[in-house]
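As a plain string of letters, each chain reads:
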Amino acid sequence: KQLSKLDFSKMEKVERLNLINSCTGYKSANLIATKSIHGKSNIAIFSSVTHLGSSPALISFIVRPTTVPRDTYQNIKDTKYFTVNHITETMIADAHHTSANYENGVSEFEKTDLEEEYKDGIKVPFAKGSPVQLYCKYINEYYIKENDTIQVIASIENLFFLEHLRHDDGWLQIDKGNVVALNGLDGYCLPKLIDRFEYARKDMPTKSFSK
């Protein structure tokens, strides 16, 4: 089957949305939690959180604040801090529900069974039960004019994770935490590790860590 850009333009909106969102492959599934300057908590699902660098430790994600009010983006702009929480298999229904279009100021924590978790010295909530949690600080943003979105850049200030996920070399094996990924906008998948390979060197055989 082949589809062209012209074919895309002729599609009904939902069909095009599903097709283009799923054709690029699996995406990360994360809950971003924030708190407003008035103390109201907010949590929302994102599939665009990506690694930018390890030294310094940086991540990014995409928001569309110019189309409708976005509590997550506004809270981050106001307070500069937020948390990123990995989603587990048991959390997917509540995590997906955070994408519902609630009124400004309504906390998704109150509309789901997701629970706020607080850690010493940190005022922003985490999602309780998440096996990997990042405490992040807003650094910068870049406007993407091609589709009217904003790429938010943030530093990882603190990292929390279940100890059994960590290997001696620092690598986190997140499938041990039943962490899910997204296929498109609404397909939740449970990845499992197949293999892990050593650093690739030219003209040398690819070597597995486990074989």
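Here goes a summary of the coordinates provided. Because the structure is a prediction, the values reported are computed rather than measured.

1. Quick notes on the overall build of the chain
Thought 1: Per the secondary structure count, the chain includes five helices and twelve strands.
Thought 2: Taking 211 residues into account, the globule formula puts the C-alpha radius of gyration at 17 Å, and the chain, at 19 Å, falls close to it.
Thought 3: Seen through its C-alpha atoms, the chain measures out along the principal axes to roughly 55 × 55 × 35 Å.
Thought 4: Of all 211 residues assigned to the chain, the portion counted as buried reaches 36%.

2. Regarding the pattern of salt bridges
Thought 1: In the structure shown here, the tally under the stated rule is five salt bridges.
Thought 2: Note that Glu117 is salt-bridged to Lys119, the shortest N-O span being 3.2 Å.
Thought 3: On the basis of relative accessible area, Lys119 is assigned to the buried category, the value being 17%.
Thought 4: Taking the shortest distance from any N to any O, the salt bridge between Arg196 and Asp169 comes out at 2.8 Å.

3. Notes on the packing of aromatic side chains
Thought 1: Counting across every chain of the model gives four aromatic pairs.
Thought 2: A ring pair is formed by Tyr81 and Tyr135, whose centres lie 5.3 Å apart and whose planes are at 10 degrees; its orientation type is stacked. Here Tyr81 is found in strand β6 (residues 81-86), whereas its partner Tyr135 is found in strand β9 (residues 132-144), with 54 residues between them in sequence.
Thought 3: Note on Tyr81: relative accessible area 25%, which makes it partly exposed.
Thought 4: Both rings, one in Phe126 and one in Phe160, keep their centres 5.4 Å apart while their planes meet at 80 degrees; by these two values the pair is edge-to-face. Linking Phe126 in strand β8 (residues 126-127) with Phe160 in strand β10 (residues 149-161), this pair joins segments that are 34 residues apart in sequence.
Thought 5: You can call Phe126 buried: its relative accessible area is 0%.
Thought 6: The class of Phe160 is partly exposed, set by a relative accessible area of 25%.
Thought 7: Pairwise contacts between aromatic rings join Phe46, Phe61 and Phe82 into one cluster.
Thought 8: Of note, Lys119 hangs over the ring of Phe126, and the distance from its end group to the ring centre comes to 5.1 Å.

Calculation notes
Residues numbered from 1 in each chain as written. Predicted model: local features only at pLDDT ≥ 70, side-chain atom pairs only at ≥ 80, totals over all residues. Heavy atoms only, no water. Helix = DSSP H or I, 4+ residues; strand = E, 2+ residues; numbered from the N terminus. Rg over C-alpha atoms; globule rule 2.2 N^0.38 Å. Buried < 20%, exposed > 50% of the residue type's maximum accessible area, 1.4 Å probe, protein only. Salt bridge = Lys/Arg side-chain N within 4 Å of Asp/Glu carboxyl O. Phe/Tyr/Trp six-rings, centres within 6.5 Å; stacked < 30°, edge-to-face > 60°. Lys NZ or Arg CZ within 6 Å of the ring centre and 35° of its normal.

By themselves these figures say nothing about function.
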